[in-house]
Amino acid sequence: MQVKNRENVYSSICPGCGLACGLYIREMVSGTGETSVSVDFRKSSPVNAGKLCRFGLKLPVYYTEPQAHTEPQASMVRGQKSELKAAISAASEALKTAPAESLAFFSVGNTTNEEQKAFSALAGAFGAGVETGMGIYSSLPAKMHSALFQGMSLEGLEKAKQVFLFVDPYSQYPLLLRRVIRAKENGAKVVCIGPRHLPVADEQFCLKPEEYEKALSPSRDSVLIADIHPYSDPAHIKAVLDLAQASGAKPFFLRPFANSAGTALLSAHTKQRTLDKLFEDINSGKIKTLFCLESDLLELAPDREAALQALSKLDTLIVQTSGQGEFSGLADILIASEPFYRKHGTVLNAEGRLLSVGGNSTSGFDALSGLAAAFGKQLDFESARKEVFEVIGLKEADEFAFRKPAESFPVTAEVETPCSKHETGQESCSVSNSEVSNSESCPEKSCPECSSASLVYSLSPFMWHGVEDCSAFVELNLSMVRKLGLVKGGNVKIRASGKTVDMKFRISDIENGYLLSPLRLPVSGIPGAEVELSR
Amino acid sequence: MSELKVAADIKVGDRLLGWAASEEVRARGASGGLVTAVLASALETGLVERVLILKKVSEFEAYPVFTSDVKEVLESAGSMHSVPVNLARYLKPETCSGKIALPAKPCDARAVVERAKRNALSPEDTYVIGLNCGGTMHPEKVRRMLETVYRLGPEEIAGEEIVKGKLVFFTKDGKEHAVPIDDLEADGLGRRDSCRYCQVKIPTNADLACGNWGVSGDLAGRGTFVEVMTEKGAELLRNAVSAGFAEVMQADEKSISVREKVNKVMLGMSEKRKAEVFSTIENGEERFEYFRKELENCIHCGACKAVCPVCTCGEDSKCTAYSSLADSYKMSLFHMVRFLHLSDSCIGCGQCEDVCPAEIPLTRLYQRFAVPVQKEYRYLPGMSDRTPPFFALKPEDNEDNEGGGCSCR
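Every value quoted in this text rests on a predicted model; they were computed, and no experiment measured them.

## Observations regarding the overall build of chain B
- The helix and strand tally for chain B stands at 15 helices and eleven strands.
- Within chain B, buried positions represent 46% of all 409 residues.
- Taking the contacts inside chain B whose residues are at least 6 apart along the sequence as the reference set, 69% of them involve residues at least 24 apart.

Now the structure itself:
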């Protein structure tokens, strides 16, 4: 129970990524309702032993900005502050009047399984499912899906003989790093695949998905660590699964949101659109009413400007969130909810642990179940929880218990690899930091002071959650810096799609022909796109 | 057996044996519950307004909270070797209004002293009840010990204690399970690394120094040896006795000498460990490579700074101001500044190492800088109110002139 004028301590988890690290949130609520939040280390957490990454330590910013020491989130209906009840009624009305086929329900997994279940019930009332933006699930044959849900304990990872990292643990999943280091101390060989040369690597490769099988030789004692996110390339995921099947190695897929795993399981039978497709359907008028649950499409979209334009075409945007950023400001109907740490409910982490979020508020669930009830789908919290436990296959939330891993399915079906047309007119696959193909264009062929590079985003929790970090710079290797004649302390010009941006740079140990960025660059939101660099 | 001492006779320098008057507190607290009784009485009588305690969640989990509720203080009683928190970090200008009492391991007490020097708290208003400490354990390691060495499930545990060099777990079926700490440490288990070379075992820098070393015979396990270090300590103890919360009597010579002996043995072990851990790296290039290699996995999270109980800089700090994620130095200036900053102030509490997500042995790295500097200046941070040597404007400003400046200049 939240007590005013006294510190409330929540034993909670970090919403930064699918590892779901344990921590304490110390919350002080003043008599007038102003909230300040600090983070404390929970050393007894079996996931992270109290250790937190840069994002975990910045959670006070995540929870309180953009309005520092903010007022509680207020519900809104078409620009006017309203009671929560009125916002729910308005949402109900909007859903009732919209043609069912023009509705879409979207949640990436920033909330509890119980809210997710209620959201699914609501979507189900319209014959729809909850979309997660992870088009990968629909791009891969259903029989491959179970392999994507094979969690494994991070302690188990420490015992692997070989670890193949298709992610960058330093920036993407920092609390994975210590487990990899321990595996290495236990004698494991660490093989890293990606453009950044990682200190933990015994071997480093920068490969295209079709090269994995030829270049990499995992064994049955190996673990292949990759991740699934809204920009995932199906060819990459399939290549990792093929490699796992051929070698008997264990695939372990991480995801960027605290409850990505639970959300994906609860939405397993929903045809998933990619983010690109979602925006395409909004632009074409196929989607007229969009309901987003704790998911900020502006932060997720590869191209923020295009996302803004698309969202403006909706008849109704309904947002249920505790966040107070630009996206919630766009909502026609804003249903205010409690911050993540105050929620009562569970999340499923990447390992397969069912964790309690730590709070006792069911207001978010109540709003969703109230809406579902208005459309004939009754669901109380306890029955939702029971259903969640059944789907996940655990009897209770217990941070020391693991969901039984799904049996691996044979990988036989062909994969459809969707490519999207970019503004430049090039055909190229949507790729992420570990999935980038080498630059096709020769840096030497144009002027000597210019160079082209593949833009790779670090896909850190800061990027997914739109939290500002001290990282307004891009990374290049020394030979590219020399070739471009860049000077220390100066900037590099980055051009793509007719736009140019000047950025500070740092020299990093990365492959030639790559430009790494911790921020989405205004020149191109598409990771993997070719950009031109100059002094 | 000596007679019970009356409150008015308690004075600085006394070495006493004491226990809680209440049978319930004796049963709940460690070593007769004296510390719990002193904290509860301070709150009950209004000597302090709040007490900083560890609120128990389980045998392996607790978190610090300020409380004005005597019941919460009583519930916090008992050993918590598996909760290696430094309480001093929670004493901040915004939390330290009014008089406060807290239990404190030697590293907590040392951090309190250092924080007072940096104006983060008022030493006059902070009552520190020191607890002898032979070391604490990270809960992650404790669980591993239970699983691999003791073959016990965490749910079976009713309590734990360190007795005569053994880590003892008490199970709910009434049994005791003891393993020598040396054996555990030989397998990389046991105490936290920094505890193994810690230089202070009895918190003589606190207002009271309490512990079970030197308590033998009928009182073994049922009494606490307490040394009154300051007038505030005498005030605390007089208050507890006069309010009927605690009883004390003069410690006999045997108790005093056993306590000294245990302390000497513990410090000897620490010195030995220190010599092992901090063997000199003579070659400058090798030394640089050692630090570079140890720090190469740093992810720049800042947890080491956030958790450091000696650092009171907050956001406005040199270590962050002089470094940037955009830098591409072989070793970040964040660490370089912190090495320098902490060389006269690191108390070796191990918090930074506990929370480092890349498992960098940070306390060892800080102590590699701190040990020679602190030796040179004969300055052990947190043990007195002496100004840290590097705060002095000139070497000769060092108060006792014992150090005579750094010979490496």
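## Remarks on the overall build of chain A
- Check the secondary structure of chain A and you find 19 helices and 25 strands.
- Taken over 535 residues, chain A has a buried fraction of 55%.
- Expressed as a percentage of contacts within chain A between residues at least 6 apart in sequence, the contacts between residues at least 24 apart total 73%.

## Topic: the domain arrangement of chain B
All names here are of chain B.
- Looking at the assigned domains, one finds that chain B contains domain 1 (7–136 + 197–272), domain 2 (137–190) and domain 3 (280–397).
- In this structure, domain 1 and domain 2 have C-alpha centres spaced 24 Å apart.
- Listed as interface residues are eleven residues of domain 1 and, on the opposing side, eleven residues of domain 2.

## Quick notes on the sheet that holds strand E2 (residues 22–29) of chain A
Residue and element names in this part refer to chain A.
- The three strands are arranged E1-E2-E3 in an open sheet whose pairing can be described as antiparallel. On the outer flanks of this sheet lie strand E1 (7–13) and strand E3 (35–41), each paired with one strand and no other. Averaged over all pairs of adjacent strands, the angle between strand axes in this sheet comes to 25 degrees, irrespective of strand direction.
- Taken together, the seven bridges between E2 and E3 define a ladder with antiparallel strand orientation. If you follow arginine 26 over to E3, its bridge partner there is serine 38.

## Re the interface of chain B and chain A
- Each partner contributes to the interface: chain B provides 28 residues, whereas chain A provides 29 residues.
- Taken together, the elements giving at least two residues each to the side of chain B that touches chain A come down to strand E3 (61–67), helix H5 (139–150), helix H11 (303–307) and helix H14 (351–355) of chain B.
- Taken together, the residues of the side of chain B that touches chain A sort by class into 16 nonpolar, six polar and six charged.

## So, the domain arrangement of chain A
Residues and elements named next belong to chain A.
- Domain boundaries in chain A define domain 1 (89–136 + 270–392), domain 2 (140–254) and domain 3 (438–534).
- On a C-alpha basis, the centroid separation for the pair domain 2 and domain 3 is 26 Å.
- Taken together, the contact pairs nine residues of domain 2 with 13 residues of domain 3.
- Of the residues belonging to the side of domain 2 that touches domain 3, the class tally is three nonpolar, four polar and two charged.

## Here we look at the confidence of the model for chain A
- This prediction gives chain A a mean pLDDT of 88; 89% of its residues lie at or above 70.
- The low-confidence segment residues 409–445 of chain A (pLDDT under 50) makes 82 contacts with residues lying over four places distant or belonging to another chain.

## Quick word on the confidence of the model for chain B
Residue and element names in this part refer to chain B.
- Taken residue by residue, chain B gives an average pLDDT of 92. The fraction at 70 or more is 96%.
- Confidence drops under pLDDT 50 across residues 402–409; counting only partners more than four residues distant or on other chains, this segment forms ten contacts.
- Predicted complex, confidence summary: ipTM 0.93, pTM 0.91.

## Regarding the environment of lysine 250 of chain A
Residues and elements named next belong to chain A.
- Tracing the backbone shows lysine 250 in strand E12 (residues 250–254).
- Exposure remark for lysine 250: the 21 C-beta atoms within 10 Å place this residue in the buried category.
- Distance in space between the C-alpha atoms of lysine 250 and methionine 152 is 8.9 Å, their sequence separation being 98 residues.
- Discounting residues that sit within four places of it in the chain, lysine 250 has contacts with Gln150, Met152, Val223 and Ala244.

## A word on the pairing of strand E21 (residues 473–476) of chain A
All names here are of chain A.
- Of the two faces of E21, both are covered, the one formed by Phe473 and Glu475 as well as the one formed by Val474 and Leu476.
- In this structure, E21 lies alongside strand E23 (residues 499–507), joined through four bridges in parallel fashion. Counted as the bridge partner of phenylalanine 473 is lysine 504 from E23.

## A look at the packing of helix H13 (residues 333–343) of chain B against helix H15 (residues 362–376) of chain B
Residue and element names in this part refer to chain B.
- At a closest axis distance of 8 Å, the pairing of H13 and H15 adopts a crossing angle of 35 degrees. In this structure, H13 meets H15 at a crossing whose hand is right-handed. Between H13 and H15, the contacting residues are Phe339, Leu342 and Ser343 on the first element and Tyr366, Phe369, Ala370 and Val373 on the second.
- Along the lines of polarity and charge, the residues of the contact of H13 with H15 split into six nonpolar, one polar and no charged.

## A few points about the sheet that holds strand E4 (residues 100–104) of chain B
All names here are of chain B.
- In space, the eight strands of this open sheet follow the order E3-E2-E4-E5-E9-E10-E1-E11, with mixed pairing throughout. Both edges of this open sheet fall to E3 and strand E11 (246–250), since each of them pairs with a single strand only. Direction aside, the axes of adjacent strands within the sheet are offset by 30 degrees on average.

## Notes on the pairing of strand E6 (residues 103–106) of chain A
Residue and element names in this part refer to chain A.
- Of the two faces of E6, the one holding Leu103 and Phe105 and the one holding Ala104 and Phe106 are both buried throughout.
- Pairing between E6 and strand E13 (residues 289–293): four bridges, direction parallel. Its bridge partner being in E13, leucine 103 is matched across the sheet by threonine 289.
- On the question of chirality, the crossover connecting E6 to the parallel strand E7 (residues 130–131) by way of helix H4 (residues 113–124) is right-handed.

## Focus: unusual backbone geometry
Residue and element names in this part refer to chain B.
- Even without glycine at this site, asparagine 119 takes up a positive phi of about 60 degrees.
- Turning to its location among the elements, asparagine 119 is positioned in the loop between helix H4 (106–117) and strand E5 (126–131).
- With a phi close to 55 degrees, arginine 151 is a non-glycine residue in the positive phi region.
- Looking at the element boundaries, arginine 151 is found in the loop between H5 and strand E6 (157–163).

## Overview of H15 of chain B
All names here are of chain B.
- Under the 1.5 Å per step criterion, the end-to-end length of H15 is 22 Å for 15 residues, consistent within 8% with the ideal 21 Å.
- Along H15, the sharpest change in direction is near 30 degrees and occurs at arginine 368; proline proline 372 comes one to four residues later.
- Within H15 the residues assigned to the buried category are Leu362, Thr363, Leu365, Tyr366, Gln367, Arg368, Ala370, Val373 and Gln374.
- Residues of H15 that are buried in the fold lie against helix H7 (193–196), helix H10 (284–295), H11, H13 and H14.
- Looking at the residues trailing H15, positive phi occurs at arginine 378, about 45 degrees.

## Brief notes about the environment of cysteine 319 of chain B
All names here are of chain B.
- Residue position: cysteine 319 is located in helix H12 (residues 318–321).
- Cysteine 319 sits in the buried class, given 22 other C-beta atoms within 10 Å.
- Distance from cysteine 319 to arginine 191, taken between C-alpha atoms, is 30 Å for residues 128 residues apart in sequence.
- Beyond its immediate chain neighbours, meaning those up to four positions away, cysteine 319 contacts Lys305, Phe334, Val337, Arg338 and His341.

## Regarding the packing of H4 of chain A against helix H17 (residues 381–392) of chain A
All names here are of chain A.
- One way to put it is that H4 packs onto H17 with a least axis distance of 9 Å and a crossing angle of 100 degrees. When the axis of H4 is compared with that of H17, the two are roughly perpendicular. Where H4 abuts H17, its residues Asn113, Glu114, Lys117 and Ala118 lie against Phe381, Ala384, Arg385, Glu387 and Val388.
- Its residues assigned to classes, the contact of H4 with H17 shows four nonpolar, one polar and four charged.

Reading the values: rules and limits
Residues numbered from 1 in each chain as written. Chains lettered and ligands numbered in written order. Predicted model: local features only at pLDDT ≥ 70, side-chain atom pairs only at ≥ 80, totals over all residues. Helix = DSSP H or I, 4+ residues; strand = E, 2+ residues; numbered from the N terminus. Buried ≥ 20, exposed ≤ 12 C-beta atoms within 10 Å, placed from the backbone. Contact = placed C-beta atoms within 7 Å. Domains from an automatic or database assignment. Pairing = 2+ DSSP bridges. Axes fitted to C-alpha atoms, helices over the stretch in contact; angles between N-to-C directions. Nonpolar A, V, L, I, M, F, W, Y, C, P; charged D, E, K, R; others polar. pLDDT = per-residue confidence, 0-100. Left-handed = near helix turned anticlockwise from the far one by under 90°. Right-handed = clockwise from strand over helix to strand, strands pointing away. Expected span 1.5 Å × (residues − 1). Bend = angle between axes of the 7 residues up to and from the residue. Parallel < 35°, antiparallel > 145°, perpendicular 65-115°, else oblique.

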